[in-house]
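One letter stands for each residue in the lines below.
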Amino acid sequence: MKLAFFDAKPYDKPAFDRYAADAGIKIKYYETKLNEDTVELATGADAVCVFVNDTVNREVIDRLYELGVKTVALRCAGFNNVDIKHAAGKIRVVRVPAYSPYAVAEHAIALLLTSIRRIHKAYIRTRDFNFSLNGMTGFDLHGKTVGVIGTGRIGRVFIDICLGFGMKVLAYDKFPAEGLDNGDTVRYVSTEELFAKSDIISLHCPLTEETYHIINEQSLSACKRGVVLINTSRGALVDAEALLSAIKARQVGAACLDVYEEESDLFFEDNSGHILEDDTLARLISMPNVIVSSHQAFLTEEALSNIAETTVENLLALESSGSSENEVLPKG
Ligand code: NAI
């Protein structure tokens, strides 16, 4: 099988090379993203492998179909960049529904600890032989209350880690998990109670119409003054303008952001030589109490290995049995 691999980054290759070689899949890596202008690169391929910012719209699907490409293998969970309805009957679409909940939950904790213990400041200070502690006072996590919105795979790992720190958990989920609420250290509550009582809030729900801007001017004003917000889920869960205003007003004490609503043209690329056009992001990054990482929560050896393994399994399953449990089908 020949696989055209788009938006390839150096960190993608080792795991894919390993699993593909065993499966007899020949990969051609392209740094460019898949879109209307680059689709011809898929000529001769049986399948294409794409990531979150590749474009798989009607035009691309039609051209892939004409070129004889049979499968679009997403190496991520989300598929909002693929016109699934249009692909039906022409090209099969598979994805990787989960790769490592630990990677994302641990990154959320890494951001939190970095922020509240000022590790990002300490790193810069001591490199300059500045050993002063002024302005470095943090706070203990032990005994604090953390609000967790979304108690799925990642949310539950995050909760386990928080319990290890001796924190109390207030959880909210549209579909609460059975057996998680113990009436003591973990309790399911309404969003109102969660916002009102949490010292820290971490988002682990998907982006849907219901959760779009779940963190907005109103919810931020309902939070405890000085709340710490962590978002490792999807940028559009947070109204970034409202967050910026709440930080300026000292309502939000710190923000840890791995995702950003308008990230798609910026994140994953080196823009250090460019003028940043997005004033909200630039202002957020300039704040001493905001930490931004560029959608890297998933980026561990284990997750990359799981992504490659599942993608190769998806392709082999379609080839050998004509079906894959990770196929994305149109709704209805
Ligand atoms: P999951 O599907 O296991 O859990 C999601 C949870 O959110 C479920 O319990 C679900 O019931 C809940 N939920 C659904 N609608 C809700 C609503 N309206 N309000 C509150 N809760 C709601 O997903 P998983 O694997 O835990 O991933 C969570 C999110 O993490 C993903 O949706 C994705 O956006 C993000 N993610 C981020 C990555 C990164 O690199 N930063 C990597 C992987 C995932």
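Nothing here was measured: the structure is a model prediction, and the numbers come from that model.

(A) View of the overall build of the chain. Check the secondary structure of the chain and you find 11 helices and 12 strands. For the chain, the C-alpha radius of gyration of 22 Å lies close to 20 Å, the compact-globule estimate for 332 residues. The dimensions of the chain, computed from C-alpha atoms along their principal axes, are 60 × 50 × 35 Å. Relative to its 332 residues, the chain shows a buried fraction of 48%. For the chain, restricting intrachain contacts to residue pairs at least 6 apart in sequence, the fraction spanning at least 24 positions comes to 67%. Summing over all exposed atoms, the chain offers an accessible surface of approximately 16,900 Å²; the carbon and sulfur share of this is 50%. Positive and negative side-chain charges in the chain, numbering 34 and 47 respectively, have mean positions lying 4 Å apart.

(B) Region of interest: the layout of surface pockets. Taken as a whole, the second largest pocket holds about 330 Å³ of empty space. Residue lining of the second largest pocket: 17 residues in total, with Leu-266, Phe-267, Asn-271, Leu-276 and Leu-281 positioned closest to the centre.

(C) Quick peek at the domain arrangement of the chain. When cut into domains, the chain gives domain 1 (2-99 + 300-321) and domain 2 (101-292). Spacing between the C-alpha centres of domain 1 and domain 2 amounts to 32 Å. Between domain 1 and domain 2, the contact holds 12 residues from the first and six residues from the second. For the domain 1 and domain 2 pair, buried surface summed over both sides reaches about 660 Å², with 56% attributable to carbon and sulfur atoms. The interface formed by domain 1 and domain 2 contains two salt bridges. A salt bridge links Glu-269 to Lys-9, with the nearest nitrogen and oxygen atoms 3.3 Å apart. The tally of links from domain 1 across to domain 2 stands at two residue pairs in polar contact (both at pLDDT 80 or more).

Thresholds, definitions, all that
- Residues numbered from 1 in each chain as written.
- Predicted model: local features only at pLDDT ≥ 70, side-chain atom pairs only at ≥ 80, totals over all residues.
- Heavy atoms only, no water.
- Helix = DSSP H or I, 4+ residues; strand = E, 2+ residues; numbered from the N terminus.
- Rg over C-alpha atoms; globule rule 2.2 N^0.38 Å.
- Buried < 20%, exposed > 50% of the residue type's maximum accessible area, 1.4 Å probe, protein only.
- Contact = heavy atoms within 4.5 Å.
- Areas by Shrake-Rupley, 256 points an atom, 1.4 Å probe, with all protein chains shown as cover.
- Lys, Arg positive; Asp, Glu negative; His and termini not counted.
- Charge placed at Lys NZ, Arg CZ, Asp CG, Glu CD.
- 1 Å grid on protein atoms, 1.4 Å probe; cavity = no way out; pocket = protein on both sides within 12 Å on 5 of 7 lines; lining within 4 Å.
- Points joined across faces, edges and corners; volume = space filled by probe spheres on them.
- Domains from an automatic or database assignment.
- Buried area = accessible area lost by both parts, 1.4 Å probe.
- Salt bridge = Lys/Arg side-chain N within 4 Å of Asp/Glu carboxyl O.
- Polar contact = N/O pair within 3.5 Å; in protein donor to acceptor, adjacent residues only side chain to side chain.

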